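# Architecture and fold: a report
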Amino acid sequence: MTQPPDQTAPSRLALAHVSKSFPGVKANQDISLSVRPGEIHALLGENGAGKSTLVKIIYGVQRADEGGISFDGRPVEIASPKAARKLGIGMVFQHFSLFDGMTVLENIALGLDETVPAEELKARIRAILDSYSLPLDPDREVHTLSVGERQRIEIVRCLLQKPKLLIMDEPTSVLTPQEVERLFETLRQIAREGCSILYISHKLHEIKALCEAATILRGGKVVATCDPRIETTRRMAELMIGAELKHLQRPSGGGKAGAARLSVDKLDMPGEPPFGTSLKGVSFSAQAGEILGIAGVAGNGQAELLMALSGEHLAGQPDAIRLDGRPIGLANAGARRAAGLACVPEERNGHAAVPEFTLAENVVLTARHRLPLAPSGLIRQGPVEAYAKDVIARFDVRITGPGALAGSLSGGNLQKFIMGREIGQKPDVLVVAQPTWGVDAGAAAAIRQALVDLAAQGSAIVVISQDLDELLELSDRLCVINEGRLSQARPVAGLKLEEIGLMMGGVHGESHVAEPAHV
Amino acid sequence: MTAAILVSIFMTLAAAATPILLAALGELVTEKAGVLNLGVEGMMLCGAVAGFAVAYSTGSVALGLIAATLAGVAAAMIFALLTLGLGSNQVATGLALTIFGIGASSLIGAGFVGRTITRLGPLFPADYAAHPWLRLVFGHDAIVYLSLALVLAVSLFLRRTRAGLILRAVGENADSAHAIGYRVLAIRTAATAFGGALAGLGGAYFSLALTPMWADRLTAGRGWIALALVVFAAWKPGRLLIGAYLFGAVATFELQAKAAGWSFIAPEVLAMTPYLATIVVLTMMSLGRRTGGRDAPACLGKPFPAS
Amino acid sequence: MFEWRRRREPSKAMLYLSPLIAIGLTMLTGMLVFGAIGYDGLRAVTAIFVTPLIEPQRWADLGVKAAPLIMIALGLAIGFRANVWNIGAEGQYVMGAIAGTGVALLTHDMTGWWILPAMALAGIAGGAAWAALPALLKVRLQVSEILTSLMLTYVAVQFLYYLVRGPWKDPDGFNFPQTKMFSTSQTLPAVAEGSLVHVGVPLAVVLALVAWFVLSKTVAGYAVRVVGRAPAAARHGGFDANRVTWSVLLAGGGLAGLAGLLEAAGPFGQLTPQFPVGYGFTAIIVAFLGRLSPVGIVFAALVLAVTYVGGEIAQSTVRLPSAATGMFQALLLFFLLATDVLVRWRLAFRARPA
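As a starting point, this report considers the structure included with it.

The rules we used
Residues numbered from 1 in each chain as written. Chains lettered and ligands numbered in written order. Predicted model: local features only at pLDDT ≥ 70, side-chain atom pairs only at ≥ 80, totals over all residues. Helix = DSSP H or I, 4+ residues; strand = E, 2+ residues; numbered from the N terminus. Rg over C-alpha atoms; globule rule 2.2 N^0.38 Å. Buried ≥ 20, exposed ≤ 12 C-beta atoms within 10 Å, placed from the backbone. Contact = placed C-beta atoms within 7 Å. Nonpolar A, V, L, I, M, F, W, Y, C, P; charged D, E, K, R; others polar. Core = buried A, V, L, I, M, F, W, Y, C linked by C-beta atoms within 7 Å. Domains from an automatic or database assignment. Pairing = 2+ DSSP bridges. Axes fitted to C-alpha atoms, helices over the stretch in contact; angles between N-to-C directions.

For the rest of this paragraph, the subject is the overall build of chain B. The helix and strand inventory of chain B stands at 12 helices and 0 strands. Taken from N to C terminus, the helices and strands of chain B fall in the order α-α-α-α-α-α-α-α-α-α-α-α. Against the compact-globule benchmark of 19 Å for 307 residues, chain B has a radius of gyration of 19 Å, which places it among compact chains. Along the first, second and third principal axes, the C-alpha atoms of chain B reach 60 × 45 × 40 Å. Counting every position in chain B, which comprises 307 residues, the buried fraction comes to 53%.

Rendered as structure tokens:
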């Protein structure tokens, strides 16, 4: 595969007994690992396992409470990202540290520690783009680029410094399968040239395909080190999760076709300036008892679609959106909830919930339309708290009581509360984006189960997610959103991963044919 | 109208434009770094009173200008300490700074009300500006030239230098800038200090050049107009220059109309014109912007780290 | 070494304690500063902060000065809660007084119980109208209400000057720039025979209670709070931010206008160029010191009223310049904003230096 890493040379990076605590959390405990020169080393773990903290320590964003780091055999203090770069450590963040309103060139210049004249920098960038065959225009503004192109900026930014260690934090979470393959080729080439790569992920098949060594974290500790090319996926998953996951309890005879509860017909909506994606002729329907999955790479109109369905942005025509046949395209968010259409947006803090409000107050936000919480404009404290307590109990929200502030909850707990708040109102249609984003495995399983149960009671459910594995597990039918266009829905049974990949990349031919050329 | 009168009108115009040009230029740099300091009026008043007090006591206008600049920086540092150091709300703190500036200038200035000083004179010897048209070029005081040079310097700094690029980056996306390793708070503090320095200098222009006499609330809301000017200029130094001189024209019209004794317009109505003009201009800017993209730095007024 | 640690939840205790700490720090700083520039610092601070409270003959004056501050600050606080930064309350206050005075001048020869209510309604309408323009521009064109409302304050004050020097000048007023004195039917009655305290004072307290009820118990108040805290969540919950912007600006303008009218028909009894005394700006401090809560505002207004009354006392006893009052008020706001940090963070002892 690649040249065998030199066994005699000192480790490129070695951590010895690194620990780091935050108030109430031991993020890293006694972590030791070593990465050889030219090795692609996986750091594997679930959300919350401590990967991000560890990486921030290596890159000098945070400092370890205890433990030591050595680089190329010498003990080092990494006080800042600048110090890290000086050692030869480059990092590509999961959430890119890019400046949308600036050009690619300016973005790259910002990532360098010395001043390089614009023309010289451009030449050096072109040299790198050529040698790795990466397409990218240095003069474009970042907000006009796709996610894959944005990631390339980060990679080029790192490569310009001729790094000895490249850290990639969850680099594929926003890429199409084709873009992932391309990234892997680039990374293999970088490693062949002697640069070590620390690859952070929780996606096992990627790690098997790419990495030569893996360190598995769970609950802030190293639980195992292995060679992912030899180790089974199943074994690594068990190590990562720590227990066998329960399978979804699905009522038998899935794929039953009930009446269409939510139907969307040629929905057009301009994106919010400056960087929004426009929805173009989106049509689909969700039937009673079914879960419809909408896959797609981030930033292709998912947020816009959710806002259009929730009533936060209004469609032009009343019959672009129908709920049980009734046109609701002009109804606002409150009216749609009253009619039985509930939505859960991706962003929990500040969108689905108000962090500075208590859980009880957050109940008023979206439950007052269907439940008698505030008839005639007066908020009834008793019923509000009772409903909050009910949600907390039924969805196992780990918190002191309805007086806790939403912002003080962990991501998983808050998501359980929000899902509970909506499901408890028994909506006829529930649209939910990224239901298990940043949620621990236990809570994710509970949330998925709740969705399946709600569908079983006859509601229609639409799940918008970037997590293909989740969609394939949950959905009865699947469609893909790409640049604001939605593909036709296909039954999940029998769908091949390659087909979905092609749909996500925008090569879904059939929808182009299906789309009328109206303006 | 003779050439001499036209030239004289333009001289008045430039003088009226200069203090708000300075204050607005400082605020532009502050805002480019993502900091919204609404305390411009307060910082100007601090500069005005400090400049006057020092010029009056020492007899040196130059020392007065230096003192005013430092006073502006000091006031801006109170703002920086609260908003950047302690994470207080930028809008509220800016208002507090203005209230403070009004109170402090009025307190310190109480002993100076009605006193006069020798005003700041033209930079070049009078024989350079003997001809009326030459006055246009050589007849101004040093601060007018300084303000024009600063517009050019700030424009080049923001567009051409690495430090300017970093400053813009901090205002564009503070989290990203931090992740790459830039010291967001230090850069923002520096930008805020620069804003304070120019506001202080602009304030002193009132008390040392325009009306060489102390009066309470001398700046009469010009700090707020400077804030509006930054919006008008879409955060571009060159457009700031145009805006400030347009405003200077409005103010000069007010003065000329009063001097000419136009009886069909009440003096109070004339006194309203700068403020009404500001509202009209802000409205027109908004109408014009609806088609275009955004102008303001993306992180303007947002706390870092996010709370 | 000490270090700041973020609290998991904002501290309730500090929410109430920090205004008191701020008042203490203001007194201490005032003492040092005025001592340093040659006054008797201790006596100055005592005169400003303590004397008005311990001398019962000052209490009526405290109430009269607190009433307009309460009303204006209520309107501002509701706006600030909704993230609407109306800082032109002074202008709305002046326009309210002008509108009410307009009614007074029209009805100068009449008598009747209805005249004062009509003046009050005109005052509310005048203030609300002056806030309507910033509301319109913000909702329709996203023009910052901060700048427009403030600019309109300067316009309102000039308009007042124009009226009292021109069309509304009292013909029998020896050419002083002032309107006629209001008649008895146009002057606020006192709460008790011979008292300086007019009916506007209890009205201010009642309005604070109403505002408290609306903000904390009704969906409308919830809308105000949620729009300010999390606009995206508000939209998600079906609240209309534009409607909230309109409501809070009209309410704020109306309250400031009412306060202006009450001041004109109460302590002033006419309009003069001295009418705008800066209550509209001081009310900003009141709103923050009262933690944007209606009940807190009543207490905060009293504190600021104390500084006004005490400032006058200090002028005569310690010869402190009148501008010192403004300094104290500004210092108070600075310290309040600074001590706010204690609500969200705590100072913790760090055993081992990094």
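The discussion continues.
Attention now moves to the interface of chain B and chain C. Between chain B and chain C, the residue contacts involve 37 residues of the former and 36 residues of the latter. Of all the secondary-structure elements, those providing two or more residues to the side of chain B that touches chain C are helix H3 (61-85), helix H4 (90-109), helix H10 (222-232) and helix H12 (267-289) of chain B. Its residues placed into classes, the side of chain B that touches chain C shows 26 nonpolar, 10 polar and 1 charged.

A few words on the nonpolar core. Counting residues in hydrophobic clusters, the biggest one holds 380 residues, and the most contacted among them are B:Leu229, C:Ile70, C:Ile72 and C:Ala73. When residues of this core are assigned to domains, at least three fall in each of domain 1 (13-241) and domain 2 (260-351 + 426-514) of chain A. The residues contacting C:Ala73, other than those within four sequence positions of it, are C:Ala283, C:Val286, C:Ala287, C:Gly290, C:Ile297 and C:Ala301.

On to unusual backbone geometry. Unlike most non-glycine residues, A:His17 shows phi in positive territory, near 55°. Relative to the elements of secondary structure, A:His17 occurs in strand E1 (residues 13-22).

Between chain A and chain B, the residue contacts involve 17 residues of the former and 13 residues of the latter. Of all the elements in the fold, those that place two or more residues in the side of chain A that touches chain B are helix H2 (81-87) and helix H3 (104-111) of chain A. Considering each element in turn, the side of chain A that touches chain B owes the most residues, 4 residues, to H3(A). Looking at the side of chain A that touches chain B, its residues break down into 9 nonpolar, 5 polar and 3 charged.

Right, let's get into the sheet that holds strand E3 (residues 40-44) of chain A. Residues and elements named next belong to chain A. Reading across the sheet, the 6 strands line up as E6-E7-E8-E3-E9-E10 and stay open at both edges, with mixed pairing between neighbours. Lying at the two open borders of the sheet, with one neighbouring strand each, are strand E6 (89-92) and strand E10 (221-226). Averaged over all pairs of adjacent strands, the angle between their axes in this sheet comes to 20°, without regard to strand direction. Of the pairings in the sheet, the one linking E6 to strand E7 (residues 165-169) comprises 4 bridges and is parallel in character. Among the inter-strand pairings, Met91 is bridged to a residue of E7, identified as Ile167.

A few words on helix H9 (residues 219-229) of chain C. Among the residues making up H9(C), those that are buried are C:Tyr222, C:Ala223, C:Val224, C:Arg225, C:Val226, C:Val227 and C:Gly228. Along its buried surface, H9(C) packs onto helix H11 (359-367) of chain A together with helix H4 (59-81), helix H8 (200-217), helix H10 (231-236) and helix H11 (241-268) of chain C.

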